[in-house]
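Chains, contacts and geometry: an overview
Listed below, chain by chain, are the residues.
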Amino acid sequence: MPGTLVAMPGVLPDGETVPVDGSLPATATAAVGARGFGVYVHVPFCASRCGYCDFNTYTAAELGGGASREGYADTVLAELALAARVLGDTPPPRVDTVFVGGGTPTLLPADDLARILDGIDRTWGLAADAEVTTEANPESVTPESLKLLRAAGYTRISLGMQSASPGVLAILDRKHSAGRATAAALEARDAGFEHVNLDLIYGTPGERAEDFAASLEQVVAAGVDHVSAYALIVEDGTRLAARMRRGELAYPSDDVAADRYLAAEAALDAAGLSWYEVSNWARTEEARCRHNLLYWTGADWWGLGPGAHSHVGGVRWWNVKHPSAYAKRLAAGESPGLAREVLTVDEAHMEDVMLRLRLASGLPLAVLDAAGRAGAERALAGGLLAADEYAAGRAVLTLRGRLLADAVVRDLLP
């Protein structure tokens, strides 16, 4: 399917041990930020857990001792200080993007989010045109808090709308009302945010075609300049998965999800938003999420927070998952890194193909081996790659190709 909901994973992979001081190989730090440098900040707190959520987030009841919202900003700043020591003589030339995700970052006071951003600026320096994003649940912001965030330097906000249907929101266990997300988007514009994104989820059991059409109508009417739309993924261990196993809800349908994607493309394109990644549409080039583009094009970033992932010079690592364990390690002066991996040439190539093919800019055919080029020829013949771009030496997905993006990727890889 064209889109999957991507966020901080609840289950971390295996890897080699991270040194206690967090040090990196000299080969990794030799050219930090040469292709861009971002900072991701994970805020793991939520007021309640949504039924579909398998992300690394915690309600107050799930936290236990040793971690709290009140001390969280200071703990993140402690990891930032460690990051500065690790990069030491090879700091990035600047921070191009900052993305604060979660969880619900806006459960933290605006002053704490401002302190974290100021700490990043003092440590490495924000670029003059840095993109600074925070995610937010619609019910977690007010006109006043939005103005404080904008004054602190946040330029972009991403609001979790998911649906305009009260019934769909209830199935997803969302707490905001059906109209709150678009109201918050308008408030963000009034507060001076340069870019506003609304997130949609499609394919929820019980969602009708007219429900999704109404969601798209509300998004367009809100006048936002960026929209993300993802097919619902049912993760093991969630309440939604349990309800499906009991037969209370039907499992998502791939055919329905494809229909929803086509509806999103038609409505958003007609409203002047163009796709630039399979699950993301923007009104202008400036409205595209530059932080995500760093991920998709193999740049460097440092992830702060429990479970956060980082990538510097081909080395990828991830922090311990629980906020208490994260805080304990930093209080002891140790890296919160749980494990890491050094990407092989083949692994880096695979990820490059997988991620860049999802972009509207596509993938140079020259990076493919003979088998990959043969696969590209088959995709072209099947109408999955655009003919004009192919003739110019690039693999770019057609609309039908976007629906089958995962299959095209498999055909281009060994």
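Here, every reference points to the structure presented above.
Procedures and definitions
- Residues numbered from 1 in each chain as written.
- Predicted model: local features only at pLDDT ≥ 70, side-chain atom pairs only at ≥ 80, totals over all residues.
- Heavy atoms only, no water.
- Buried < 20%, exposed > 50% of the residue type's maximum accessible area, 1.4 Å probe, protein only.
- Helix = DSSP H or I, 4+ residues; strand = E, 2+ residues; numbered from the N terminus.
- Pairing = 2+ DSSP bridges.
- Right-handed = clockwise from strand over helix to strand, strands pointing away.
- Salt bridge = Lys/Arg side-chain N within 4 Å of Asp/Glu carboxyl O.
- Expected span 1.5 Å × (residues − 1).
- Contact = heavy atoms within 4.5 Å.

Right, let's get into the pairing of strand β3 (residues 95–102). With eight of eight residues buried, β3 is to be regarded as a mostly interior element. Pairing of β3 with strand β4 (residues 126–136), which is carried by five bridges, proceeds in the parallel orientation. When the sheet's bridge partners are listed, valine 100 is paired in β4 with threonine 134. Once the chain exits β3 it traverses helix α4 (residues 110–124) before rejoining the sheet at β4, and the crossover so formed is right-handed.

Okay, the pattern of salt bridges next. Following the criterion strictly, the structure yields 21 salt bridges and no others. In this structure, glutamate 248 engages arginine 243 in a salt bridge whose closest nitrogen and oxygen atoms are separated by 3.1 Å. Taking relative accessible area as the criterion, glutamate 248 reaches 44% and is therefore assigned partly exposed. Glutamate 265 is the partner of arginine 402 in a salt bridge, and the nearest nitrogen-oxygen pair spans 3.0 Å. Here the residue arginine 402 occupies a position in helix α16 (residues 399–403), and glutamate 265 occupies one in helix α10 (residues 254–270), the gap between them amounting to 137 residues. Comparing arginine 402 with glutamate 265, the two get one shared label, buried. Here the salt bridges do not stand alone but share partners, grouping Asp74, Asp112 and Arg115 into one network.

Between its first and last C-alpha atoms helix α3 (residues 72–87) spans 23 Å; for 16 residues at 1.5 Å apiece the expected length is 22 Å, and the two agree. Among the structural elements, α1 (26–29), β2 (37–43), α4, β10 (300–304), β12 (315–319) and α12 (323–331) are those in contact with the buried residues of α3. Just past α3, the residue glycine 88 takes up positive phi, approximately 45°.

On the secondary structure map, glutamate 235 appears in the loop between β7 (226–231) and α9 (239–245). Remark: the alpha-carbon pair of glutamate 235 and glycine 337, spanning 102 residues in sequence, is separated by 25 Å.

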